[in-house]
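Architecture at a glance
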Amino acid sequence: MKLPVQFEEKMKNLLKEEFNQYVKSFEEKRHYGLRVNTLKIEPDQFKERVDFQLSPVPWCKEGFYYSEEDKPAKHPYYYAGLYYIQEPSAMAPGAVLDVQPGDKVLDLCAAPGGKSTQLGAKLKQEGVLFANDISATRIKALIKNIEMAGIRNAVITNETPERLSERLEEYFDKILVDAPCSGEGMFRKEPQALKNWESHGVEKCCSMQRNMLPYAAKMLKPGGYMLYSTCTFSPEENEGSIEEFLKNHPDFEVVPIPHENGFAPGRPEWIGGRESLRGAVRLWPHKVKGEGHFLVLLHKKEGEIKNKVFIPKREVSDKVLEDFYNFMKENINVKLEGDFKIHGDNLYLVPKDVPDLNGLRIIRSGWLLGSLKKNRFEPSHVMAMGLTKDMVKNSIDLPLEDPNVIRYLKGETLQIEGHKGWNLVCVDGYPLGWGKMQQNMLKNKYYPSWRWM
Ligand SMILES: C[S@@+](CC[C@H](N)C(=O)[O-])C[C@H]1O[C@@H](n2cnc3c(N)ncnc32)[C@H](O)[C@@H]1O
């Protein structure tokens, strides 16, 4: 691989005798990874069900390397949201940030959602995940990935960190800032990263990172944790951006991340930074089976919350929800508790304790249940993905080898027997979407834009 001369020279100066080993890693094959979605299945069960050649990623207990021949993106279980295809090093930030069910979590730079889906799984549907990204195009993949994963407690926003911070001051327990960066760690995985490096230089990225970090800090509760990560090697964007941040935020300190599983320490000496930055982590492609990454965990000092965020009472009248309640009575075995919200004709279940967000660019206010049409409720594909088979009255459970699985995913009508009306179509018990049964024919309600091609 031809690396930019300027980049090679810089890395040679930094790494000295280690440089040869480092640069040799660019000639080696990249590693492929997938992360099991524990909202749907446990890793052990998953391993038994698939015939991929899996071996564990040391730093992420749900993460596995797979072989190039496995093709996991072309498997019905992928469509059922049982796993997310993720570069192994990219699993590290979500593994290190200790998210607990019930936490309020922000993923500030979330698209396409690799880390959001990981954090969402850790929340186990309790608490709230705010997944934000500034890019209106990249956010489309974020929506799809969160919805496919069956995360019911996510709010998706398309905002600047500054505007978010005006409304969500001291609100979050945990924040991930997976910052835009020059992407040097991705040169081996994505040749496009080399081109981006030339247009999105280190300097430009530093300024974006240094600009957003104070807003992220403002949104963190006293006593909360913030994880900053990049997929680049440049000291300026890593130890440098954090040194700059810590200079202006004495209420934050570095929490050392254990240097195990091949994790190498931060290098404060490269930017004349404080010693505690050695507690950061660098993932080097010549030391781990994965691409280049940097992570640092920061803790905000304990203290009183000065800015209590106002949580409005959301009430939608039973009259408006009548068709929805009728649908629930006929089709769903559980009661959905919480606040409902209507946008246009879309009905959402809003996660607990979400503040008033009026005026912000909200892409999803919570779990999109469906739409209130004239005299009926139409459940959404997103609702199907967030359900389990035992939550519905009627389902059609197809075994993996049944050709109807692929037919369903292609959007075809199925000649099949089942209960009249709405059915949750599953593969081996895992929901794929809705179908509506009419006289031995299952009308396919699979999302047209997600179809198997
Ligand atoms: C490294 S990528 C995030 C990858 C993502 N966390 C994942 O795991 O899939 C950085 C993201 O930051 C977004 N971004 C850039 N500037 C931003 C800003 N000022 N506020 C929020 N997001 C921003 C980009 O659109 C990009 O999607």
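Residues numbered from 1 in each chain as written. Predicted model: local features only at pLDDT ≥ 70, side-chain atom pairs only at ≥ 80, totals over all residues. Heavy atoms only, no water.

A separate point is the site of the ligand. Taken together, 18 residues lie near the ligand, and C109, G114, D133, R138 and D178 sit nearest. G114 places a polar main-chain atom, nitrogen or oxygen, 2.9 Å from an oxygen atom of the ligand. Between the ligand and the protein, one listed contact pairs an oxygen atom with a side-chain N or O atom of R138 at 2.5 Å. (Near = heavy atom within 4 Å. Polar contact = N/O pair within 3.5 Å; in protein donor to acceptor, adjacent residues only side chain to side chain.)

Below, the discussion takes up the packing of helix α10 (residues 202-219) against helix α11 (residues 236-248). Contact pair α10 / α11: the axes reach a minimum separation of 10 Å and the direction vectors enclose 40 degrees. As summarised for this structure, α10 and α11 are arranged oblique, according to the angle between their axes. Like other packed secondary-structure pairs, α10 and α11 cross with a definite hand, here right-handed. Counting all contacts with α10, which are made through V202, C205, C206, Q209, R210, L213, P214 and A217, the residues of α11 involved are E236, E237, G240, S241, I242, E244 and F245. Looking at the contact of α10 with α11 residue by residue, the classes come out as eight nonpolar, three polar and four charged. (Axes fitted to C-alpha atoms, helices over the stretch in contact; angles between N-to-C directions. Helix = DSSP H or I, 4+ residues; strand = E, 2+ residues; numbered from the N terminus. Parallel < 35°, antiparallel > 145°, perpendicular 65-115°, else oblique. Left-handed = near helix turned anticlockwise from the far one by under 90°. Contact = heavy atoms within 4.5 Å. Nonpolar A, V, L, I, M, F, W, Y, C, P; charged D, E, K, R; others polar.)

The residues that UniProt annotates with the feature "active site" (unreviewed entry) are C231. Residue position: C231 is located in the loop between β9 (220-230) and α11. Once residues lying within four places of it in the same chain are set aside, the contact partners of C231 are C181, G183, E184, G185, M186, G292 and H293. (UniProt positions renumbered as here; feature names shortened; annotations may be inferred.)

A few words on the pattern of salt bridges. This model, assessed by the stated rule, comprises 23 salt bridges. Across the salt bridge formed by K174 and D103, the nearest N and O atoms sit 2.7 Å from each other. Of this pair, K174 sits in strand β8 (residues 172-178) while D103 is found in the loop between α5 (92-96) and β5 (104-107), placing the two residues 71 residues apart along the sequence. This pair shows no difference in class: K174 is buried, exactly as D103 is. Note that D397 and K389 form a salt bridge whose closest N and O atoms lie 3.1 Å from each other. Given a relative accessible area of 34%, D397 falls into the partly exposed group. The class of K389 is partly exposed, set by a relative accessible area of 34%. (Salt bridge = Lys/Arg side-chain N within 4 Å of Asp/Glu carboxyl O. Buried < 20%, exposed > 50% of the residue type's maximum accessible area, 1.4 Å probe, protein only.)

Under the present numbering, the feature "domain: SAM-dependent MTase RsmB/NOP-type" (unreviewed entry) in UniProt falls on residues 11-301. A distance of 35 Å separates the end C-alpha atoms of residues 11-301, which is 32% helix and 21% strand.

Under the domain assignment used here, the chain contains domain 1 (5-30 + 86-300) and domain 2 (389-453). On a C-alpha basis, the centres of domain 1 and domain 2 stand 39 Å from each other. (Domains from an automatic or database assignment.)

Another aspect to go through is the sheet that holds strand β23 (residues 441-444). Taken in spatial order, the five strands make up an open sheet running β19-β21-β22-β23-β20, and their pairing is mixed. The open sheet has two edge strands, β19 (395-398) and β20 (414-415), and neither has a second partner. (Pairing = 2+ DSSP bridges.)

Before going further, it helps to examine the pairing of β23. Side chains of β23 alternate between two faces, with L442 and N444 buried and M441 and K443 left unburied. As judged from the two bridges shared by β20 and β23, these two strands associate in the antiparallel manner. Note on β23: the bridge partner recorded for Q415 is M441. By the bridge criterion, four bridges tie strand β22 (residues 430-438) to β23 in an arrangement that is antiparallel. Each residue of the ladder has a partner; that of G435, found in β23, is N444. Taken together, β22 and the strand that follows it, β23, pair antiparallel across an intervening segment of two residues, in which Q439 is found at a positive phi of about 45 degrees.

Along the chain, the position of D173 falls in strand β8. D173 sits in the buried class, given a relative accessible area of 18%. Ignoring any residue separated from it by four or fewer positions in sequence, one finds D173 in contact with D103, K104, L220, K221, G224 and Y225.

What follows concerns helix α6 (residues 114-123). Extensive coverage of α6 is indicated by the burial of nine of its ten residues. Within α6 the residues assigned to the buried category are G114, K115, S116, T117, Q118, L119, G120, A121 and L123.

What follows concerns the nonpolar core. In globular proteins that are soluble, nonpolar side chains generally tend to be buried together. If you look at the biggest cluster of nonpolar residues, it comprises 35 residues, and the most contacted ones within it are L108, F130, I175, V177, M226 and L298. Elements represented by at least two residues in this core include exactly β6 (128-132), β8, α10, β9, α11, β10 (252-255) and β13 (293-300). The residues contacting L108, other than those within four sequence positions of it, are N132, D133, P161, L164, L176, V177, M212, A216 and M219. In terms of nonpolar packing, the next biggest core, distinct from the first, is built from 33 residues, W59, C60, V99 and I257 among them. (Core = buried A, V, L, I, M, F, W, Y, C linked by side-chain atoms within 4.5 Å.)

Moving on, we get to the side chain of N394. Its location among the elements puts N394 in the loop between α13 (381-386) and β19. Among the polar contacts made by the side chain of N394, one reaches the side chain of H419 at a distance of 3.4 Å.

Taken together, four strands build an open sheet; the order of strands is β14-β15-β17-β18 and the sheet is antiparallel. Looking at strand neighbours, the two that pair on one side only are β14 (339-343) and β18 (376-379), the edges of this open sheet. Here the strands of the sheet are splayed against their neighbours by 30 degrees on average, with no regard to which way each runs. The sheet contacts of helix α12 (residues 322-331) involve β14, β15 (346-350), β17 (367-373) and β18, and relative to β18 the element is tilted by about 60 degrees.

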